[in-house]
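The chain contents come next:
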Amino acid sequence: MAMATSMAMAAASTTTVTNIHETEENQRYKKGVRHLCESGITTLPTKYVLPFADRPNQGPHHHHHHHHRSRTQSSSPAGTNNKNNHNINLPLIDFADFTSTSTPTKRAHALHSLATACEEYGFFQVINHGISPEVVQGMMESSRCFFDLPFEERAKYMSNDMSAPVRYGTSWNQNKDGVFCWRDFLKLTHPTSTSTDRHHHHHHHSSQWPSTPTGFRETAGAYAKETRTLFVKLAEAVLESLGVADGSGESMLRELGEGSQMMVLNCYPSCPEPDLTLGMPPHTDYGFLTLLLQDAVPGLEIQSGGSWLPVQPRPGSFVVNVGDHLEIFSNGRYKSVLHRVRVNSTQSRISVASLHSLPHSSVIGPSPALVNERNPRRYGDTDFAAFLRYLTAGKDRTETFLDSIKLN
Ligand SMILES: O=C(O)CCC(=O)C(=O)O
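Source: prediction; values computed, not measured.

Novice: Describe the overall build of the chain, and please don't skip the residues or the numbers.
Specialist: A tally of helices and strands in the chain yields 11 helices and 12 strands. Considering only contacts in the chain between residues 6 or more positions apart, those separated by 24 or more positions represent 77%.

In structure tokens, the structure reads:
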């Protein structure tokens, strides 16, 4: 399965010429999963049925060479690693430990926990993050209301243009996916954050963001602004935990402060046959850190020790994960970990991911302070243009973007 990223999808769609002979069936699926559900299905259309080896009950390293077509085949044969279902509680970071009211001891302890979480899981959960419940709940509620809009209203935001500040769509990359994922999404970017002019001020909401439902633009704008501030503070702690707070960390923090931000609102409707499909395929995130807000419905799974571990939602907290850029900057010490989303037959699920990274014009490479004789440079330098080349080349679909820039 292709391990592109959320930004990847945005980028890839510009390079795809719409096929005018596209089947009517495909056009129907591009209207999204909510639209499909509203038409009243009771079984999963073939378009969403994954090959046997890619289904959620198969272990991550378990490959069946014969693709069984049987849709009733029970999964989890002996030897796979998909133990049903040890929910994990992600390492917990109390953000208050990093603020001025904290003590040096607490701060040192929290930095150590942060480092361990980034090394071992590539994921952690942040509580006491300081963003008000009104802003957080407002974003969740607005997202839910957006996906509840009539199809015609949502469809106004469908676009193949990656530079569009608003893009509504479905699956992972609806222009490339053979099998579709069980997800609809709305992507919101700040127009200035994709621009190469890094001296622009970031406007915290865009006049082009959806004006429906009522208050959506203001709520999403407030949320974007607050998550950006939280991201910068978390990035500062992450750089300190790497021991590079001065020097390379300082300039990195400055660049991140004027970097890119993309919000992805995800909707995963309940699914008639959830074991045959995924809400999102295994992927890593392209940026530095992703801040994820989710409702109370489980679905997110992270790869750890050869298993897929379901993450137990903790309402009001943020799930934060290391992206490819942080793995590179840390010279491999912090891990950009594969994750995916499962769906279920009874509840629909909403999540909001905020992806943060450098300006698109920046070059990223390992921090010189983290490269030495014992720990040689593991990655080449890269930038957004290299990422786009990776996406369009598509030679070896099993090679991740990170693999493509690893040295030796
Ligand atoms: O819905 C989720 O929990 C995960 C979302 C995600 O991985 C993404 O948007 O990149």
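Novice: I'd like a description of helix α5 (residues 133-148), backed by residues and values.
Specialist: Between its first and last C-alpha atoms α5 spans 22 Å; for 16 residues at 1.5 Å apiece the expected length is 22 Å, and the two agree. Where α5 is buried, its residues contact α3 (33-38), β4 (184-189), α7 (216-241), β5 (260-268), β7 (289-294) and β12 (349-357).

Novice: Tell me about the sheet that holds strand β8 (residues 300-304), residues and numbers included.
Specialist: If you trace the four strands from one edge of the open sheet to the other, you get β6-β11-β8-β9, paired in antiparallel fashion. Looking at which strands have only one partner, the edges of the open sheet turn out to be β6 (280-283) and β9 (307-310). On average, each strand axis in the sheet is inclined to that of its neighbour by 25 degrees, with strand direction left out of account. Sheet analysis places β8 next to β9, joined by four bridges and oriented antiparallel. The residue bridging Glu301 from the neighbouring strand is Pro310, located in β9.

Novice: Any chance you could break down the confidence of the model for the chain for me, citing the residues and the numbers?
Specialist: Of the residues in the chain, 83% have a pLDDT of 70 or more, and the chain-wide mean is 85. Overall, residues 62-84 carries pLDDT values under 50, and its contacts beyond four positions in sequence, including any with other chains, amount to 30 contacts. Throughout residues 193-204 the model reports pLDDT below 50, and contacts reaching past four residues in sequence, or to other chains, amount to 21 contacts.

Novice: Would you mind going over the sheet that holds strand β1 (residues 92-94) in detail, with residue names and values included?
Specialist: Read from one edge to the other, the open sheet built from eight strands follows the order β1-β2-β10-β7-β12-β5-β4-β3, with strand pairing classed as mixed. Edge positions in the sheet fall to β1 and β3 (166-170), since each has one partner strand and no second. Neighbour-to-neighbour, the strand axes of this sheet turn through a mean angle of 25 degrees, independent of strand direction. Sheet analysis places β4 next to β5, joined by six bridges and oriented antiparallel. Its bridge partner being in β5, Phe185 is matched across the sheet by Asn266. Here α5 sits on the sheet in contact with β4, β5, β7 and β12, set at roughly 115 degrees to β12.

Novice: For the packing of α7 against helix α8 (residues 248-257), give the residues involved together with the corresponding values.
Specialist: One can describe the packing of α7 onto α8 by two numbers: an axis separation of 10 Å at closest approach and a directional angle of 165 degrees. For the element pair α7 / α8, the angle class is roughly antiparallel. Here α7 runs over α8; the crossing is right-handed. Contacts between α7 and α8 pair Val232, Ala235, Glu236 and Leu239 from the former with Gly249, Met252, Leu253, Leu256 and Gly257 from the latter. Counted by class, the contact of α7 with α8 contains six nonpolar, two polar and one charged residues.

Novice: Pulling in residues and values, what's your account of the packing of helix α4 (residues 104-120) against α7?
Specialist: Axis separation between α4 and α7 bottoms out at 9 Å; the angle between their running directions is 85 degrees. As far as their axial angle goes, α7 and α4 are roughly perpendicular. Here α4 contributes Leu111, Leu114, Ala115 and Cys118 to the contact with α7, which in turn contributes Ala237, Val238, Glu240 and Ser241. Across the contact of α4 with α7, the residue classes break down as six nonpolar, one polar and one charged.

Novice: Summarise α8; cite the residues concerned and give the values.
Specialist: All buried positions along α8 are accounted for by Gly249, Met252 and Leu256. Along α8, the residues classed as buried sweep out an arc of 60 degrees about the axis, all on the same side. Turned more than 90 degrees away from the buried face of α8 sit Ser251 and Arg254, all of them exposed.

Cut-offs applied
- Residues numbered from 1 in each chain as written.
- Predicted model: local features only at pLDDT ≥ 70, side-chain atom pairs only at ≥ 80, totals over all residues.
- Helix = DSSP H or I, 4+ residues; strand = E, 2+ residues; numbered from the N terminus.
- Contact = placed C-beta atoms within 7 Å.
- Expected span 1.5 Å × (residues − 1).
- Pairing = 2+ DSSP bridges.
- Axes fitted to C-alpha atoms, helices over the stretch in contact; angles between N-to-C directions.
- pLDDT = per-residue confidence, 0-100.
- Parallel < 35°, antiparallel > 145°, perpendicular 65-115°, else oblique.
- Left-handed = near helix turned anticlockwise from the far one by under 90°.
- Nonpolar A, V, L, I, M, F, W, Y, C, P; charged D, E, K, R; others polar.
- Buried ≥ 20, exposed ≤ 12 C-beta atoms within 10 Å, placed from the backbone.
- Arc of directions from axis to C-beta.

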